[in-house]
Amino acid sequence: RESRLIFPLMAIFVAQVLGRHVVHYIRSYFMTRDAFRFMNDMRNALFSKLMAQTQSFVRYQNTGEILTVLNNDTEYIRSYINYNILTYSEWTLLFIFASIMLVIINPWSLLICYIFLPLAFWVGRVYSKKSKPNQDYIRDSSARLGMLAQENINGMRIIRAFSSEAYEEKKFDI
């Protein structure tokens, strides 16, 4: 008698797994699309703000830092919107449903799990503080790399200008 239930239960389980994956794909698609739109709008706003700055402001700014803000920082925000918001919402729902299930099964098991929550938050906080200098180093390195790339591009323009000096002089010959 119980063996007759196995196939319907397996079908329900397979349908649940497939449904979850379809919903996850659709949600990821829309979150990715919206995150890219937001990143594009933010880059346009930053570029407009940069173009509105005075010449002296731009002259004294580190070019690599400007490129890092326009490229990497907006990419970090897109990644945060695309990945972290989805993950945090899933974890929150999972935490709520797991807590409800633990209360239904055995309230003491919920209490035991909650005892370790402060430790988990403390470990996350310590990790966050220890990783901050590395994140700052990566951001500064990216800014330096952008500045070096800009200097090399400017150097190539100067070399190109000198190599085409004869051509430019011919333009002025009448």
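Okay, so let's go over this structure. These numbers come from a predicted model, not from an experiment.

A separate point is the overall build of the protein. Scanning the protein from N- to C-terminus turns up six helices and zero strands. Overall, the protein shows an N-to-C arrangement of helices and strands of α-α-α-α-α-α. Since a compact globule built from 174 residues should have a radius of gyration of about 16 Å, the 28 Å found for the protein marks it as more spread out than a globular shape. In terms of overall dimensions, the protein has a C-alpha envelope of 105 × 40 × 25 Å along the principal axes. Across the 174 residues in the protein, those meeting the buried criterion constitute 13%. Residue pairs in contact within the protein that sit at least 24 positions apart in sequence constitute 73% of those at least 6 positions apart. For the protein, the accessible area works out to roughly 14700 Å², and carbon and sulfur atoms hold 68% of it. For the protein, the distance from the average position of its 20 positive side-chain charges to the average position of its 14 negative side-chain charges is 11 Å.

Look at helix α1 (residues 3-51): 72 Å from first C-alpha to last across 49 residues, which is about the 72 Å you get at 1.5 Å a residue. Looking only at α1, the buried set comprises Ser-28, Met-31, Ala-35, Met-39, Met-42 and Leu-50.

What follows is about the packing of aromatic side chains. One pass over the full model with this rule turns up three aromatic pairs. When the centroid spacing of 5.2 Å and the interplanar angle of 75 degrees are considered together, the rings of Tyr-29 and Phe-30 count as edge-to-face. The partly exposed category is assigned to Phe-30, whose relative accessible area is 38%. Look at Tyr-88 and Trp-91: their rings are 5.9 Å apart centre to centre, the planes differ by 55 degrees, and that puts the pair in the tilted class. One end of the pair is Tyr-88 and the other is Trp-91, both in helix α3 (residues 63-105) and three residues apart, which spans about a single turn. The exposure class of Tyr-88 is partly exposed, given its relative accessible area of 42%.

Scanning the model with the defined rule gives four salt bridges in all. Glu-90 serves as the salt-bridge partner of Arg-27, at 2.3 Å between the closest nitrogen and oxygen. Placement of the pair is Arg-27 in helix α1 and Glu-90 in helix α3, with a sequence separation of 63 residues. The partner of Asp-136 in a salt bridge is Lys-132, and the shortest N-O contact between them spans 2.9 Å.

Another aspect to go through is the layout of surface pockets. Put simply, the largest pocket is a space of about 550 Å³. Contributing to the lining of the largest pocket are 14 residues, with Tyr-88, Trp-91, Ala-120, Phe-121 and Gly-124 lying nearest its centre. Only α3 and α5 (117-163) provide two or more residues apiece to the lining of the largest pocket. A total of ten residues in the lining of the largest pocket trace back to one element, the largest contributor, which is α5. Taken together, the residues of the lining of the largest pocket sort by class into seven nonpolar, five polar and two charged. Looking at the second largest pocket, its volume works out to about 470 Å³. Lining of the second largest pocket is provided by Tyr-76, Ser-79, Tyr-80, Asn-84, Tyr-88, Gln-135, Asp-136, Ile-138 and Arg-139.

Conventions adopted
- Residues numbered from 1 in each chain as written.
- Predicted model: local features only at pLDDT ≥ 70, side-chain atom pairs only at ≥ 80, totals over all residues.
- Heavy atoms only, no water.
- Helix = DSSP H or I, 4+ residues; strand = E, 2+ residues; numbered from the N terminus.
- Rg over C-alpha atoms; globule rule 2.2 N^0.38 Å.
- Buried < 20%, exposed > 50% of the residue type's maximum accessible area, 1.4 Å probe, protein only.
- Contact = heavy atoms within 4.5 Å.
- Areas by Shrake-Rupley, 256 points an atom, 1.4 Å probe, with all protein chains shown as cover.
- Lys, Arg positive; Asp, Glu negative; His and termini not counted.
- Charge placed at Lys NZ, Arg CZ, Asp CG, Glu CD.
- Expected span 1.5 Å × (residues − 1).
- Phe/Tyr/Trp six-rings, centres within 6.5 Å; stacked < 30°, edge-to-face > 60°.
- Salt bridge = Lys/Arg side-chain N within 4 Å of Asp/Glu carboxyl O.
- 1 Å grid on protein atoms, 1.4 Å probe; cavity = no way out; pocket = protein on both sides within 12 Å on 5 of 7 lines; lining within 4 Å.
- Points joined across faces, edges and corners; volume = space filled by probe spheres on them.
- Nonpolar A, V, L, I, M, F, W, Y, C, P; charged D, E, K, R; others polar.

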